[in-house]
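Descriptive analysis of the structure
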Amino acid sequence: MKKKWMFLVLVAIFGMAFAQTVKIGLTVSKTGKFNVESVNQLNGIKLWQKWVNDQGGIAAGGKHYKVELKFYDDESKAQRVQQLYSRLISQDKVDFLISPYSSGLTAKAAIISEQYGKIMVATGAASDSIFKLGYENVFQVYTPASRYLTSTVDMIKAADPSLKKIAVVYEDSKFAKAVATAARDYAKKLGLDVAIFEGYPPSTTDFGPLINKIKASGAGALIGGGHYSDGATFARQLYEQKAPLKMIALLVAPASDEFAQLGDAALGVAAPSQWEPLVKYTQSCGPSPQQFTEMYEKAYGKEPAYRAAGGFAAGLILQKAIMDAGSVDAAKVRAALDNLDITIFFGKIKFSTDPASHGLQLGHEMVQIQWQKKDGKLVKEIVWPLAAKTAKLIYPIH
Amino acid sequence: MVEILSSVMDGLLIGLVYGLAAIGLTLIFGVMDVVNLAHGAIIALGMFFLYLFFGAGLHPYLALLPVAVLGFIFGVIVYQIAVRKIISGPPLMSLLATFAVSMIIIGVGTALWSTSPYNINFKVTTYNFFGYTVTSARLVSAVAAVLVTFGLYYFLYRTVLGKAVRAVANNREAAELMGIPSQQILAITFGIGTMLAMLSGALIATLFPFTILSGGVYELKSFVASVLGGLGNPTGALFGGIILGLIEGSVAPFIQVSWTNVIEFVIFVGILLFFPTGLFGGRK
């Protein structure tokens, strides 16, 4: 009897020694204004967890690490993010961090991750400014804000070289403002006249006064927007008030599948997207874009939005760095992330190692989508860059 | 010029809807001295009631009727459960009670519908007058707001029940001595105030997408409109709403829209300082 017990204890000890886990912590906005985007992102992260655990975990240095996720609801609030990331690190003892959704929340989480020296892969956060603070542990997955709408300006300029005036109208949030400012500067550099450059409060529901202003300015194209709720509202009212615009490109909202609910108001509206299921990248590791899309559709019953892909990509990048480092040791993984130069289903990934912009994403590029009608149904088509397009850009839309 | 006129017109139309919301708030305050902190949550609930009826296949404007009925019943229930017992207590009691109601509505609403945006997607016609574009939804909501206000006035000044409401507002004890059952009158008033808030929420839902948290913005506007017009004065509240809408519309062409709130509240403080009973006098 005693021997049997001894045996069981030994099995348990050996079992623990072999079944290593790596604990990854994050917060999710299950409620509040980032609810749609953030839950999408979490779906991607969870899918990565399942994918990697089904393969026996992350193989590094002869060991296999099962991935364990620990996450809390941050209610889309900055104070909650700071409390919860401290808790993840000091109480839950996570090994690595993934950021919350949005630049504003990630900036708060980055302060904590930097204080504790924990590595954080930042997805769903495109702000440049987080990476101008000399942080050593934060690594960006998305194309940064400064390059977010610049290719949209290129696209409009290519479609209509005679266009002179554009309007840049954006949500007064950290992310949208950074994108809009960079786009304005870029448009001016290309010789375009920015007739309006104006922000609106994030809680705006009545865009009437702004639309009247845009009409009066004589701008031929509008770029701007912010997040989902405001962008969808803005697009709907632009349509209802018949704003005479040849092109509308808004951030974030048109890139979501929910945007199709707007019906005809969605038609012709373009958006820069971090990723689309139809992209053609030849990956050097992980699933192909098509494999990822199939996996996601099987798990959640709908096509993945780019935020979901960004979530999966964040996990995959961390996984690749741990594999390259051959251990979960923070210093070694950090060095591996610095050296990373890969193409995954999400696109090219390479981080800045310049101390002035450490962790900033250098490799990844935006694609442009536009809502078009195909067989009477609204569909997202990739219209830019030309090499990756699935349909011709509709211009002018009105 | 067209731009400024369009902005003023848009402001006027939306201002009427703000006014309707403010009447709901000011009526309850005027009759029973209760500042209803559940006002915003009730407005949001009105949006979702409309959404439910719309989902069931009813045209949004037709759905306003059942929303109004539900609003009245809901108001009477809230009054009976949360307000009746404490109505004679210190003002803080009713503040806390209505705040609790607000938290309950928002909590249940978040559980049912999460905080994602919802949209009433129905056919909206656009009209163009000399360069000014206006949607049928805005016109209808403004007209509906005016009609409901007229209805309220007819009720208050031309019906026995309405006269009883005014009597209770004037002097509850004297009204009771005249044989008016003040508890029932108060319940009816709370029901009407709630109904107006829900109707304004439903009208707003035909214009803009909304979440269960959307009521907060309109609650704030209702307070400002009520104070502008004189607390407890329904006509004043309607005009307060129109003034708010006009400010929002007419300052936009000249300054960045982010500053609209600042201007609104500067005017608000100015009114408090120089016209403490509002532009149209306090309760009547």
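As a convention, each chain's residues are numbered from 1 in the sequence order in which they are written. Chains carry letters from A onward and ligands carry numbers from 1 onward, assigned in written order. It should be noted that, the model being predicted, local features are given only for residues of pLDDT at least 70 and side-chain atom pairs only at 80 or more, the latter also being counted only at that level, while totals for whole chains, interfaces and linings use all residues.

1. Some thoughts on the overall build of chain A
To keep it simple, the criterion reads: Secondary structure is summarised from DSSP: a helix means a run of H or I of at least four residues, a strand means a run of E of at least two, and numbering begins at the N terminus for each. Only C-alpha atoms enter the radius of gyration, while the globule expectation follows 2.2 Å times N to the 0.38, with N the number of residues. Residue burial here comes from a neighbour count, namely the number of other C-beta atoms, placed from the backbone, that lie within 10 Å of the residue's own C-beta, with 20 or more meaning buried, 12 or fewer meaning exposed, and in between meaning partly exposed. By definition, residues are in contact whenever their C-beta atoms, placed on the basis of the backbone, come within 7 Å of each other.
Each helix and strand counted, chain A has 11 helices and 15 strands in total. By the compact-globule yardstick of 21 Å for 398 residues, chain A fits well, its C-alpha radius of gyration being 22 Å. With respect to the three principal axes, the spread of C-alpha positions in chain A is 90 × 45 × 35 Å. Taken across its 398 residues, chain A has 55% of its residues classed as buried. For chain A, contacts bridging at least 24 residues in sequence account for 67% of all contacts bridging at least 6.

2. Side note on the domain arrangement of chain A
All names here are of chain A. Here is the rule we go by: Where each domain begins and ends follows an automated or database-derived domain assignment. Under the grouping applied here, Gly and all other residues not named as nonpolar or charged are polar, the nonpolar ones being Ala, Val, Leu, Ile, Met, Phe, Trp, Tyr, Cys and Pro and the charged ones Asp, Glu, Lys and Arg.
The domain architecture assigned to chain A consists of domain 1 (2-142 + 279-357) and domain 2 (147-273 + 367-388). The gap between the C-alpha centroids of domain 1 and domain 2 is 31 Å. Across the boundary between the two partners, domain 1 contributes 17 residues, which contact 15 residues of domain 2. Those elements that provide at least two residues to the side of domain 1 that touches domain 2 are α2 (35-54) and α4 (103-116). Per-element tally for the side of domain 1 that touches domain 2: the top contributor is α4, with 3 residues. Residue composition of the side of domain 1 that touches domain 2, by class: 6 nonpolar, 5 polar and 6 charged.

3. Some thoughts on the environment of P244 of chain A
Residue and element names in this part refer to chain A. Checked against the element boundaries, P244 lands in the loop between α8 (228-240) and β10 (247-251). In this structure the C-alpha to C-alpha distance between P244 and G231, which are 13 residues apart in sequence, comes to 18 Å. Ignoring any residue separated from it by four or fewer positions in sequence, one finds P244 in contact with K215 and H398.

4. Some remarks on the interface of chain B and chain A
At the junction of the two partners, chain B supplies 26 residues and chain A supplies 27 residues. Mapped by element, the contributors of at least two residues to the side of chain B that touches chain A are α1 (2-32), β2 (132-135) and α10 (234-251) of chain B. By residue number, the principal contributor to the side of chain B that touches chain A is α1 of chain B, which donates 5 residues. For the side of chain B that touches chain A, the per-class residue count stands at 9 nonpolar, 14 polar and 3 charged.

5. Re the sheet that holds strand β5 (residues 120-122) of chain A
All names here are of chain A. Applied cut-off: Two strands are said to pair when DSSP picks up at least two bridges between them. Between N-to-C directions, angles cover 0 to 180 degrees, with each direction set by a line fitted to C-alpha atoms, over the stretch in contact for helices.
One open sheet accounts for 6 strands, arranged β2-β3-β1-β4-β5-β6; its pairing is mixed. With partners counted over all chains shown, the strands left at the sheet margins are β2 (58-60) and β6 (138-140), one partner each. Recorded for the sheet is a direction-independent mean angle of 30° between the axes of neighbouring strands. Pairing of strand β1 (residues 20-28) with strand β3 (residues 63-73) involves 9 bridges; the strand directions are parallel.

6. Topic: the environment of I166 of chain A
Residue and element names in this part refer to chain A. Turning to its location among the elements, I166 is positioned in strand β7 (residues 165-171). As for I166 and A195, which are separated by 29 residues in sequence, their C-alpha atoms are 5.9 Å apart. Leave out the neighbours within four places in its chain, and I166 touches A187, L192, V194, A195, A219, G220, A221 and I223.

7. Describing the nonpolar core
Looking at soluble globular proteins, one finds that nonpolar side chains tend to be buried together. Defined as follows: Defined on buried residues, the nonpolar core groups Ala, Val, Leu, Ile, Met, Phe, Trp, Tyr and Cys residues joined through C-beta atoms within 7 Å.
Residues V179, A235 and I248 of chain A are the most contacted members of the largest nonpolar core, which totals 130 residues. Looking at this core element by element, the count peaks at 12 residues for helix α10 (residues 306-325) of chain A. Split by domain, the residues of this core number at least three in each of domain 1 (2-142 + 279-357) and domain 2 (147-273 + 367-388) of chain A. Setting aside its immediate chain neighbours within four residues, A235 of chain A contacts I248, L250, A253, L262, A265, A266 and V269 of chain A. Counting 90 residues, the second largest nonpolar core, distinct from the first, contains A21, Y118, F210 and A237 of chain B.

8. Some points on the packing of α2 of chain A against α10 of chain A
Residues and elements named next belong to chain A. Formally: Angle categories: roughly parallel below 35 degrees, roughly antiparallel above 145, roughly perpendicular from 65 to 115, and oblique for all the rest. Helix crossings fall into two classes, left-handed where the near helix is turned counterclockwise from the far one by less than a right angle and right-handed where it is turned clockwise.
Viewed as axis vectors pointing N to C, α2 and α10 meet at an angle of 40°, and their least axial separation amounts to 6 Å. Put simply, α2 runs oblique to α10. As α2 runs across α10, the sense of the crossing is right-handed. In this structure, α2 contributes E37, N40, Q41, L42, N43, G44, I45, L47, W48, Q49 and V52 to the contact, and α10 contributes R307, A308, A309, G310, G311, F312, A314, G315, L316 and Q319. Counted by class, the contact of α2 with α10 contains 10 nonpolar, 9 polar and 2 charged residues.

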